[in-house]
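# Coordinates in review
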Amino acid sequence: MQYFFNNLRIAVKFIIWFLLMSLIPLTISIYVSYNNSRKVLVEEVKRSLLAVADNKTNQVESYLIKQKKNGIALAYTSEIINAVDKLTSVSFQYGSKSQEYSAAEQEFKPMLSYYQKLFGYDDILFVNPANEVIFSAAEVKDFASLYGTATYTESELSNVLARVKVTQESEMSNLQYYPQAKKVACFVATPIFEGPDLKGIVVVEIGNQGINEFVQDYTGLGETGETIVVSKIGNKAVFITPIRFDPEAVFKRKIQIGSNEGLDIQKAIKAEKITDITIDYRGQEVL
């Protein structure tokens, strides 16, 4: 090889050396061009994802605001006020297990079940001034244990009932996962007064089904993009809606806060905004 190279003409040697030397700036140029193109592409995807994220946030907020307004309007209808008045009086006078109460409950059950389905609520509740659930359109038994009004110190339902008594106005709770009921819910509570006295509280329960519909709309997210909604429960970030590649993830997929897993989700739980390339729950690199 050395012999062959030594016997080449000067012009040919010059051309070969020129080609070899030109590879260095060419390689640098390609690398710089690739990096610049990659940065531009990443920025475009970032802008697109931020737009989708803002849209999803607005959809969820608009949905919850609409459900709150419907719940408040429903609580002030004459039929609901009449039902609260009668059921509260009968349960106080005869007890919630009496025949008189059963008869009153059957009188109003069809109407309240209709409103529950019409507005897409998980339940419509009547709560007496002692925070006891005296009626459930979904016929939930042992409500105090399931939703923490009797035991949970941080129950959103308990908190919203307490706020209503202080403000004497309609209040809406945050979304919360209730492990005994195995569901996520938020509540809109509206007080009903008879003169200055609190007669009862009408509560509508909003589940996460409506939010699931927004999450499972993949418009603008291509073939792999998805929206993840999590809730901080104890020291874990818990998935509270289905995800694109794991429909069974709800309440089952969890991230230990403080671990090296799902750092982006952990930051979101702490109300920190982040845009970064990271590894997702499938072990795939994502933006």
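This text gives an overview of the structure that appears in the document.

The rules behind these values
In this convention, every chain numbers its residues from 1, walking through the sequence in written order. Per-residue local features of the predicted model are confined to residues with pLDDT of at least 70, and side-chain atom pairs are confined, for both listing and counting, to 80 or more; whole-chain, interface and lining totals are unaffected and use all residues. To get the side-chain values, all heavy atoms of the structure are used, and hydrogens and water are removed first. Strands are runs of DSSP state E lasting at least two residues, helices are runs of H or I lasting at least four, and both sets are numbered from the N terminus onward. Radius of gyration here uses only the C-alpha atoms, and the compact-globule reference equals 2.2 Å multiplied by the residue count raised to the power 0.38. Note on charges: Lys and Arg go in the positive column, Asp and Glu in the negative column, and His and the chain ends are not counted at all. Each charge is placed at NZ for Lys, CZ for Arg, CG for Asp and CD for Glu. Joining through side-chain atoms within 4.5 Å is the link that ties buried Ala, Val, Leu, Ile, Met, Phe, Trp, Tyr and Cys residues into a set, and such a set is a nonpolar core. Each residue gets one of three labels from its accessible area relative to the maximum for its type: buried under 20%, exposed over 50%, partly exposed in between, using a 1.4 Å probe on protein chains only. When checking whether two residues touch, look at their non-hydrogen atoms; a contact exists if any pair is within 4.5 Å. The axes are straight lines fitted to the C-alpha atoms, using for helices just the contacting stretch, and the angles between their N-to-C directions are given from 0 to 180°. Each angle receives one of four descriptions, namely roughly parallel if under 35 degrees, roughly antiparallel if over 145, roughly perpendicular if within 65 to 115, and oblique otherwise. Crossing handedness is read from the near helix: turned anticlockwise from the far helix by less than a right angle, it gives a left-handed crossing, and turned clockwise, a right-handed one. Only one rule defines a salt bridge in this text: a Lys or Arg side-chain nitrogen within 4 Å of an Asp or Glu carboxyl oxygen. Strand pairing requires that DSSP identify at least two bridges connecting the strands. Multiply 1.5 Å by the residue count of a helix minus one, and that product is the helix's expected span. At every residue, the bend is computed as the angle between two fitted axes, covering the seven residues ending there and the seven beginning there respectively. What makes a patch is a set of residues exposed beyond 30% relative accessible area and free of salt bridges, joined within 9 Å when like-charged and within 5 Å when nonpolar (Val, Leu, Ile, Met, Phe, Trp, Tyr). Residue-level accessible areas treat just the shown protein chains as cover; the underlying method is Shrake-Rupley with a 1.4 Å probe. Polar contacts, as counted here, are pairs of nitrogen or oxygen atoms within 3.5 Å of one another; within protein the pair requires one atom able to donate a hydrogen and one able to accept it, and residues that are adjacent in sequence qualify only if both atoms are side-chain atoms.

## Here's the deal with the overall build of the protein chain
A tally of helices and strands in the protein chain yields eight helices and eleven strands. Scaling as 2.2 N^0.38, a compact globule of 287 residues should have a C-alpha radius of gyration of about 19 Å, whereas the protein chain reaches 30 Å, well beyond that. A principal-axis box enclosing the C-alpha atoms of the protein chain has dimensions of 115 × 30 × 30 Å. In the protein chain, 30 positive and 33 negative side-chain charges are present, and the distance between their average locations comes to 9 Å.

## Remarks on the nonpolar core
Counting 29 residues, the largest nonpolar core has I80, L87, I124 and F126 as the members making the most contacts within it. Going through the elements one at a time, α2 (10-75), α3 (78-94), α4 (99-119), β1 (123-127), β2 (133-136), β5 (183-194), β6 (197-207) and α7 (209-215) are the ones with two or more residues in this core. With near-sequence residues (within four places) excluded, F126 lies in contact with I80, A83, V84, L87, L112, E132, V133, I134, F135, I201 and V202. If you look at the next biggest cluster of nonpolar residues, it comprises 13 residues, including V127, L161, V164 and A189.

## Structural notes on the packing of α3 against α4
Two elements in contact, α3 and α4, have axes whose closest approach is 10 Å; the angle formed by their N-to-C orientations is 155°. In this view, α3 runs roughly antiparallel relative to α4, as classed from their interaxial angle. Our pair here, α3 against α4, has a crossing hand that is left-handed. Taking contact as the criterion, the partners of E79, I80, N82, A83, K86, L87, V90, S91 and Y94 in α3 are, on α4, E100, Y101, A104, E105, E107, F108, M111, L112 and Y115.

## Some details on the pattern of salt bridges
One pass over the structure, following the stated rule, counts eight salt bridges. Here D85 makes a salt bridge to K199, at a shortest N to O gap of 3.3 Å. Placement of the pair is D85 in helix α3 and K199 in strand β6, with a sequence separation of 114 residues. D85 gets classed as partly exposed once you look at its relative accessible area, which sits at 28%. Since its relative accessible area comes to 19%, K199 is described here as buried.

## Remarks on the pairing of β1
The side chains of a regular strand alternate, first on one face of the sheet and then on the other. Along β1, five of the five residues are buried, which leaves the element largely enclosed by surrounding structure. Burial along β1 is two-sided: the residues D123, L125 and V127 and I124 and F126 are all buried. Inspection of the sheet shows β1 paired to β6 by five bridges, in the antiparallel sense. Bridge pairing in β6 places L125 opposite V203. Relative to β2, β1 is paired through three bridges, and the arrangement is antiparallel. Bridge pairing links F126 to F135 in β2. The loop that links β1 with its antiparallel partner β2 comprises five residues; one of these, N131, has a positive phi angle of about 65°.

## Description of α4
Look at α4: 30 Å from first C-alpha to last across 21 residues, which is about the 30 Å you get at 1.5 Å a residue. Helix geometry: α4 is bent most strongly at K109, by close to 40°, with proline P110 lying one to four residues after it. Of all the residues in α4, the buried ones are Y101, A104, F108, K109, L112, S113, Y115 and Q116. Immediately beyond the C-terminal end of α4, within one or two residues, lies G120, with a positive phi of roughly 75°.

## Description of a nonpolar patch on the surface
A cluster of nonpolar residues, I16, W17, L20, M21, L23, I24, L26, I28, I30, Y31 and V32, forms a patch on the protein surface that exposes about 1,100 Å² of accessible area. Assignment of secondary structure puts M21 in helix α2.

## Some thoughts on the environment of D217
Its place among the elements puts D217 in the loop between α7 and β7 (230-233). When its relative accessible area of 31% is taken as the criterion, D217 is described as partly exposed. With 198 residues separating them along the chain, D217 and L19 place their C-alpha atoms 53 Å apart.

## Concerning the side chain of E171
Mapped onto the secondary structure, E171 falls in strand β3 (residues 171-172). Looking at E171, its side chain comes within polar contact range of the side chain of T167, at 3.0 Å. Every residue in contact with E171, bar those within four places of it in the chain, is listed here: V160, R163, V164, F187, V188 and A189.

By themselves, these figures tell us nothing about what the structure is for.
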